[in-house]
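Fold and contact review
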Amino acid sequence: MSSIAIIGSGLAAVSAAKSLIQRGIKPVILDVGENLDDKTQAVVTNMSKTDPEHWADADRELVTASHTSKIKNQLPIKLAFGSDYFYGKSDGSLIQTDGVMLPYTYAKGGFSAGWGATVLPPDDCDLVDWPVKNEKLNQYYNHVLKDLPYSAAEDRLTTHFPLMSKKIDPINLTPGNDWILQALNNSFDKKLEDITFGQARVLTRSSDHSSNQGCKYCGCCMSGCVYDCIYKSSQDIDQMISDKTIEYIPKTFVNSLIEKDNSVEISITNNNKQIETLRFDRVFLAAGAVGSTRILMSSRELYAKEIRLKSTAGFVAPMLSIKRLISDWPEANTQPGIFLEYKLDSLSNHWVHTQLSTPNELVYEKLGIKANSKGVLSTIKKRFSEHLIIAHGNLHSEHSNGYILKLIKSDKLGSDKLISRREYIADPHIAIKNALKKLSFIGRKVGCHILLPFVQDSIRTGGFHVGGTLPMKHNPQNVTDTNLLGNPLGWERVHIIDSSVFPSLPGTTIGLLAMANAARIASEFELV
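Because the structure is a prediction, the values reported are computed rather than measured.

Some words on the packing of aromatic side chains
Per the stated rule, a full pass over the model turns up 13 aromatic pairs. Between W55 and Y227, the ring centres sit 6.1 Å apart and the planes meet at 25°, which makes this aromatic pair stacked. Highlighted residues: W55 in the loop between α2 (38–48) and α3 (57–64) and Y227 in the loop between β4 (195–199) and α6 (233–243), separated in sequence by 172 residues. The buried category is assigned to Y227, whose relative accessible area is 7%. When the ring centre of F525 is taken as origin, the NZ or CZ atom of R23, which lies over that ring, is 4.6 Å away.

Some remarks on the pairing of strand β15 (residues 403–408)
For strand β10 (residues 306–311) and β15, the ladder comprises four bridges, and the chain directions are antiparallel. Bridge pairing in β15 links L309 to Y403.

Focus: unusual backbone geometry
Across the junction of W329 and P330, the peptide omega takes the value 10°, indicating a cis bond. Inspection of the secondary structure assignment puts P330 in the loop between β11 (313–321) and β12 (338–343). Its identity as a non-glycine residue notwithstanding, A117 has a phi of 65°, on the positive side. Looking at the element boundaries, A117 is found in the loop between β3 (95–96) and α4 (134–145). Residues other than glycine seldom take positive phi values, yet Y217 does so here, at roughly 50°. When you line up the elements, Y217 lands in the loop between β4 and α6.

Quick word on the state of the cysteines
For the structure shown, the criterion picks out zero disulfides. The thiol sulfur of C215 is not disulfide-bonded, and the nearest other cysteine sulfur, from C221, lies at 5.1 Å.

Here we look at α3
Given 3.6 residues per turn, any residue in an α-helix points the same way as the ones three and four places further on. For α3, the set of buried residues is D59, R60, V63 and T64. The arc that holds the buried residues of α3, viewed along the axis, is 120°, so those residues lie on one side. On its buried face, α3 sits against α2 and α8 (361–367).

Digging into the sheet that holds strand β16 (residues 417–422)
An order of β3-β16-β15-β10-β19 is seen for the five strands of this open sheet, with the pairing classed as mixed. Of all strands in the sheet, those bounded by a partner on one side alone are β3 and β19 (466–467). Where β15 and β16 come together, six bridges link them in antiparallel fashion. For L407, the partnering residue across the bridge sits in β16 and is L418.

So, the nonpolar core
Counting residues in each nonpolar core, the largest one holds 108 residues, and the members touching the most others are I7, L203, L257, I266 and F284. Broken down by element, the residue count for this core peaks at nine residues, all from helix α11 (residues 511–524). If sequence neighbours within four positions are ignored, L257 has contacts with I7, V264, E265, I266, V283, I295, S299, W491 and V494. Grouped together as the second largest cluster of nonpolar side chains are 31 residues, A183, L340, Y342 and I432 included.

Quick look at the pattern of salt bridges
Applying the stated criterion to the full structure yields 12 salt bridges. Across the pair K18 and D147 runs a salt bridge, and its minimum N-O distance is 3.2 Å. Here K18, found in helix α1 (residues 11–22), pairs with D147, found in the loop between α4 and α5 (175–187); they are 129 residues apart in sequence, far enough to count as distant. Residue classification places K18 among the buried residues on the basis of a relative accessible area of 17%. A salt bridge links D238 to K108; the nearest nitrogen and oxygen atoms lie 2.6 Å apart. Taken together, the positions of D238 in helix α6 and K108 in the loop between β3 and α4 put the pair 130 residues apart, joining distant regions of the chain. Taken together, the shared-partner salt bridges in this structure form one network comprising K18, D147 and D236.

Quick word on helix α7 (residues 288–299)
Between its first and last C-alpha atoms α7 spans 16 Å; for 12 residues at 1.5 Å apiece the expected length is 16 Å, and the two agree. Taken from the residues just after α7, E301 is the one with a positive phi, measuring 55°.

Quick word on the pairing of strand β8 (residues 275–280)
Where strand β7 (residues 263–269) lies against β8, six bridges are found, and the strand directions are antiparallel. Counterpart to I268 in the pairing with β8 is E276. Between β7 and β8, which pair antiparallel one after the other, the connecting turn spans five residues, and K273 there sits at a positive phi close to 65°.

Remarks on the side chain of Q335
Mapped onto the elements, Q335 comes out in the loop between β11 and β12. Looking at Q335, the relative accessible area reads 2%, which means it is buried. Not counting residues within four places of it along the chain, the set of residues in contact with Q335 comprises G116, A117, I171, V202, T204, C221, M222, I230 and S357.

A closer look at the packing of α1 against α6
Helix packing for two helices is described by the angle between their axes and how far apart those axes are. One way to put it is that α1 packs onto α6 with a least axis distance of 9 Å and a crossing angle of 35°. Along this stretch, α1 crosses α6, giving a crossing that reads as left-handed. Taking contact as the criterion, the partners of L11, V14, A17, K18 and I21 in α1 are, on α6, S233, D236, I237 and M240. Of the residues assigned to the contact of α1 with α6, the class counts are six nonpolar, one polar and two charged.

Calculation criteria
Residues numbered from 1 in each chain as written. Predicted model: local features only at pLDDT ≥ 70, side-chain atom pairs only at ≥ 80, totals over all residues. Heavy atoms only, no water. Phe/Tyr/Trp six-rings, centres within 6.5 Å; stacked < 30°, edge-to-face > 60°. Helix = DSSP H or I, 4+ residues; strand = E, 2+ residues; numbered from the N terminus. Buried < 20%, exposed > 50% of the residue type's maximum accessible area, 1.4 Å probe, protein only. Lys NZ or Arg CZ within 6 Å of the ring centre and 35° of its normal. Pairing = 2+ DSSP bridges. Disulfide = S-S within 2.5 Å. Arc of directions from axis to C-beta. Contact = heavy atoms within 4.5 Å. Core = buried A, V, L, I, M, F, W, Y, C linked by side-chain atoms within 4.5 Å. Salt bridge = Lys/Arg side-chain N within 4 Å of Asp/Glu carboxyl O. Expected span 1.5 Å × (residues − 1). Axes fitted to C-alpha atoms, helices over the stretch in contact; angles between N-to-C directions. Left-handed = near helix turned anticlockwise from the far one by under 90°. Nonpolar A, V, L, I, M, F, W, Y, C, P; charged D, E, K, R; others polar.

That's the geometry; what it means functionally is another story.
What follows is the structure in structure tokens.
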């Protein structure tokens, strides 16, 4: 039997692991595998054993705390139970930035440890520069979704964005989100080709299933689910460990790798901070766009070479509704409620992806509203929040600024330093301005108006969807190109399977795309 290693434990890694297991292979997963601190995890575990109405106020405040929501002129950073542990820390030793956060992670489960779990397959128009099209990927979207919790609905979105699964179990929308969706349906003709919308699609278990609990509508979803209703790839990792279908080796930092004598040698720094070499027949690299790029650059000794890390541009736009949108918070699911997709004819044929929702717990914290707060000021704030809608938009990487990465050689083995700086170009400003203009037009149709002074964007603070450093091509020519199986130029036994091989990044969510592409590669490579 072939010995195969997977580097990383995020969405792409787990998707590949499942496909390999189906082919009769027991992969070895190498992972740094950082976890939530023990003290907070104990609180989360304790909360999961009881219903939300019995939670202690102190525990609720701990897991929903968000220090980043109080920072002016910066998009709030999503946390997991009040912790930012799943964001890689730039201490200057291995990664150095220009002050703008570079999105990378060492967490068990990768960024899924704290993601919003929204999923949407890309439309064909957002994959025009891809050598792999939806015609090929469609079967893998379905393959990936078949054993995941999936809240979705049959609605207008399906015209351009098929459900890709018959197993859907939609979450109950808040009354405010339901009203917005109905207002959009009443205001826009179904035949429109440049505007579509529907209920947000999320990998969340809405109903009880076997021994697993469904959504408790506790009002804390964007801070993390203590009941594990929101999918994280670490859930599958733990299950595969229990089933003994994988070998999981945490606290393992991969420095570089090389193909040699029909095998792959991996240089790692182990838990004892010692360098050692592991050998496998084949390796799947899924360390995230930043991590995989660092490993490839170090492996190929691409020192002082600048590589562009693509990113999507994002914005958050609060909107004021003329109509009062009744809220049932905190007895609500606070994940995004509505997906609104629209095109900008003056810009391109790519979709702008916007998530609309009544306020979640992060917004309430920014407004100083607590679940059980009372008093005149609190009542006024709550009334104001019932006229508030939050729009979170994302644009295709073609209209976004990225990052410039450069690797600096170190005399000490395993200590090469990755230098990152944010790219500043004019295009994203124009694109976001146009996106907001059309969003304003759509909003006015349903009695909602953008509060322009409070709009924030990611141009200077950094984007969270990144990739494109090692793009797939039909005919790889450059040392940073990969083929359709994610093999870097000249290599046959190393497959890069995360978003670093995306030729471009759709504005729509990229998690499902990463899982499907990883499953495709792990299913289609030839076993030798």
